[in-house]
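This is what each chain is made of:
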Amino acid sequence: MNGIQLSRLPLSGRIFCTLFLLGIGCGALAAFAQASTAVGVSPAAVQASLAPDLPVTGMHHGEPSGEKEIDLGEISSEARMTIRTPLLIQTSHTHLFGQTLIAGLVGLIFLFTSVRERTKAAIVALPFVGSLLDIGGMWATRFVSPSLATLVIVGGTVFALGYVLIAAISIRDLWFRKEAA
Amino acid sequence: MIIRLVLLSCAIAAPALAHVTPPVVLASDRDAITTLLPGARRHFVREVRLTEEERQAVQKESGWRPEEDFYRFYIGRDEKLHDLGAVAFLTEYTIHGPVRVAVGLAPDGRIKGALVVELSEETYPWVKTVIDGGLLRSFAGRDAHEPFPRAGARSSMSAFYADIVAALVQRAALVYEAGVMKRQRN
């Protein structure tokens, strides 16, 4: 791109790009571990955290109260967080900024790889699309249908897939690609 | 080469998920209910939807207006189905993240105990100071109308969160009184 190629970068540039990509990768692994423990790794777990809290007693809209007996075993013994609208707003604003910045910076490195333009365009878009699906999926789960929790999983996976492709191809170009004369 | 990379990347990335602001969960809902309803043999969920008049009455009394569509109480009873108390979970969303409190209430509306069950990494040090200082224990025996303990000489952030916790405890008592006790009397 404009004559700049990762394979032609000086040693300092290659080290910078490599360590940046590795750092983001470690952050992604930590984020995955955190998501696993705080929310869960299945659509059902995402749904349980994000879907609107509906009456469990069968109380219909407009009814003043409802009551039913429960077994304590029905109540979660796991320490799980629930994400209501105010927290969703907080999460959206921090993660849309954060993930878009990450997608932008790793994408910027990727722009200087040697892959074909169409492939490059497709891969560089993945983290951005993943972020939008991820955060958009959270809102859709809460306000459209709980079944859309799958979108959050898909979004996170697309983001991670984009990162892995970008990192792998960039590191290949940085360290293993023979310079074409 | 690219195809191999794509396949490898798919395998690595498949389980990846979105993430949310890290919470600090101090107790599960079940643990909180068990702790705050000791001796209960049977458990019930009661959900109450406050009328507009009830919401206005609470607001007039406390300055806080209950806005939730409904409020959920976990009621504990003995073998003869006598009420032993109730537990409510209330959350305040602060700029530093949520603070969620479980409040145990006696059948007469007095507070039996309170637990902070969830907060954020950022608020944890401030709220921990409050918990260690004994604020939660100081609620026991009060009803919704007694003056609630104010923060002592702590840091300004701890004092801020002590007031948040106290407000949540008081709100639980107010909603229980409006949605359960007063309705039983009428």
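In what follows, the accompanying structure is described.

Scoring rules and cut-offs
Residues numbered from 1 in each chain as written. Chains lettered and ligands numbered in written order. Predicted model: local features only at pLDDT ≥ 70, side-chain atom pairs only at ≥ 80, totals over all residues. Heavy atoms only, no water. Helix = DSSP H or I, 4+ residues; strand = E, 2+ residues; numbered from the N terminus. Buried < 20%, exposed > 50% of the residue type's maximum accessible area, 1.4 Å probe, protein only. Contact = heavy atoms within 4.5 Å. Areas by Shrake-Rupley, 256 points an atom, 1.4 Å probe, with all protein chains shown as cover. Rg over C-alpha atoms; globule rule 2.2 N^0.38 Å. Lys, Arg positive; Asp, Glu negative; His and termini not counted. Charge placed at Lys NZ, Arg CZ, Asp CG, Glu CD. Salt bridge = Lys/Arg side-chain N within 4 Å of Asp/Glu carboxyl O. Phe/Tyr/Trp six-rings, centres within 6.5 Å; stacked < 30°, edge-to-face > 60°. Lys NZ or Arg CZ within 6 Å of the ring centre and 35° of its normal. Axes fitted to C-alpha atoms, helices over the stretch in contact; angles between N-to-C directions. Left-handed = near helix turned anticlockwise from the far one by under 90°. Nonpolar A, V, L, I, M, F, W, Y, C, P; charged D, E, K, R; others polar. Pairing = 2+ DSSP bridges. Core = buried A, V, L, I, M, F, W, Y, C linked by side-chain atoms within 4.5 Å. Expected span 1.5 Å × (residues − 1). Bend = angle between axes of the 7 residues up to and from the residue.

1. Overview of the overall build of chain B
Consideration 1: Broken down by element type, chain B carries 5 helices and 6 strands.
Consideration 2: In chain B, the succession of α and β elements from N to C terminus is α-β-α-β-α-β-β-β-β-α-α.
Consideration 3: A total of 186 residues make up chain B; the buried ones form 53% of that total.
Consideration 4: For chain B, the share of sequence-separated contacts (at least 6 apart) that also reach a separation of at least 24 residues comes to 62%.
Consideration 5: Total accessible area on chain B stands at roughly 8,600 Å², and carbon and sulfur atoms take up 54% of it.

2. Concerning the overall build of chain A
Consideration 1: Of the regular secondary structure elements, chain A holds 5 helices and 1 strand.
Consideration 2: Across chain A, helices and strands are ordered from the amino to the carboxyl terminus as α-α-β-α-α-α.
Consideration 3: For 181 residues, the compact-globule formula gives about 16 Å, and the C-alpha radius of gyration of chain A, at 21 Å, lies well above that figure.
Consideration 4: Along the first, second and third principal axes, the C-alpha set of chain A runs to 80 × 30 × 20 Å.
Consideration 5: The buried share among the 181 residues of chain A stands at 42%.
Consideration 6: Taking as baseline every contact in chain A between residues at least 6 positions apart, the subset at least 24 positions apart corresponds to 79%.
Consideration 7: Carbon and sulfur atoms form 70% of the exposed surface of chain A, whose accessible area is close to 9,200 Å².
Consideration 8: In chain A, the 12 positive side-chain charges and the 11 negative ones have mean positions that sit 24 Å from each other.

3. Here we look at the pattern of salt bridges
Consideration 1: For the structure on display, the rule yields 17 salt bridges over all chains.
Consideration 2: Close ionic contact of Lys128(B) with Asp132(B) constitutes a salt bridge, the shortest N to O distance being 2.7 Å. Of the two residues, Lys128(B) and Asp132(B) both sit in helix α4 (residues 124–132), 4 residues apart, roughly one turn of that helix.
Consideration 3: Where salt bridges share partners, they join Glu67(A), Arg46(B), Arg77(B) and Asp83(B) into one cluster.

4. A closer look at the packing of aromatic side chains
Consideration 1: One pass over the full model with this rule turns up 6 aromatic pairs over all chains.
Consideration 2: Between Tyr74(B) and Phe89(B) the ring centres are 5.9 Å apart and the planes differ by 85 degrees, which places this aromatic pair in the edge-to-face class. Here Tyr74(B), found in strand β3 (residues 71–77), pairs with Phe89(B), found in strand β4 (residues 83–94); they are 15 residues apart in sequence, far enough to count as distant.
Consideration 3: When the ring of Phe160(B) is compared with that of Tyr161(B), the centres are 5.0 Å apart and the planes differ by 90 degrees; the resulting orientation is edge-to-face.
Consideration 4: The partly exposed category is assigned to Phe160(B), whose relative accessible area is 39%.
Consideration 5: The rings of Trp126(B), Phe160(B) and Tyr161(B) are connected pair by pair, giving a single aromatic cluster.
Consideration 6: The residue whose ring lies beneath Arg14(A) is Trp175(A), and the NZ or CZ to ring-centre distance is 5.1 Å.
Consideration 7: Geometry around Phe44(B) places Arg77(B) over its ring, the cationic atom sitting 4.4 Å from the centre.

5. Looking at the environment of Met59(A)
Consideration 1: If you trace the backbone, Met59(A) turns up in the loop between α2 (43–50) and β1 (65–70).
Consideration 2: Separated by 73 residues in sequence, Met59(A) and Leu132(A) place their C-alpha atoms 35 Å apart.
Consideration 3: Non-local contacts of Met59(A), meaning those with residues more than four positions away in its chain, are made with Pro64(A), Ser65(A), Gly66(A), Glu47(B), Arg49(B) and Phe70(B).

6. A word on the packing of helix α1 (residues 11–38) of chain A against helix α3 (residues 85–110) of chain A
Residues and elements named next belong to chain A.
Consideration 1: Two elements in contact, α1 and α3, have axes whose closest approach is 11 Å; the angle formed by their N-to-C orientations is 145 degrees. As α1 runs across α3, the sense of the crossing is left-handed. For the pair α1 and α3, contact is made by Cys 17, Phe 20, Leu 21 and Ile 24 and by Ile 102, Leu 105, Val 106 and Ile 109, respectively.
Consideration 2: Partitioning the contact of α1 with α3 into residue classes produces 8 nonpolar, no polar and no charged.

7. Structural notes on the pairing of β4(B)
All names here are of chain B.
Consideration 1: Here β3 pairs with β4 via 5 bridges, running antiparallel. The residue bridging Phe 73 from the neighbouring strand is Ala 88, located in β4.
Consideration 2: Pairing of β4 with strand β5 (residues 97–105) involves 9 bridges; the strand directions are antiparallel. Counted as the bridge partner of Ala 86 is Leu 105 from β5.
Consideration 3: The loop that links β4 with its antiparallel partner β5 comprises 2 residues.

8. Description of the nonpolar core
Consideration 1: Counting 42 residues, the largest nonpolar core has Phe73(B), Val101(B), Ile111(B), Phe139(B), Val165(B) and Val169(B) as the members making the most contacts within it.
Consideration 2: When residues of this core are traced back to their parent elements, those giving at least two are β2 (42–48), β3, β4, β5, β6 (111–120), α4 and α5 (156–185) of chain B.
Consideration 3: Residues contacting Val169(B), with those up to four places away along its chain left out, are Val101(B), Val103(B), Ile111(B), Ala114(B), Phe139(B) and Phe148(B).
Consideration 4: Counting 18 residues, the second largest nonpolar core, distinct from the first, contains Ile24(A), Ile109(A), Val115(A) and Ile166(A).

9. What to know about α5(B)
Consideration 1: Helix length check: α5(B), at 30 residues, gives a terminal C-alpha distance of 42 Å against a target of 44 Å (1.5 Å per residue), a fit within 8%.
Consideration 2: If you look at α5(B), its biggest bend is around 40 degrees, right at Glu177(B).

Taken by themselves, the reported measurements are silent on function.
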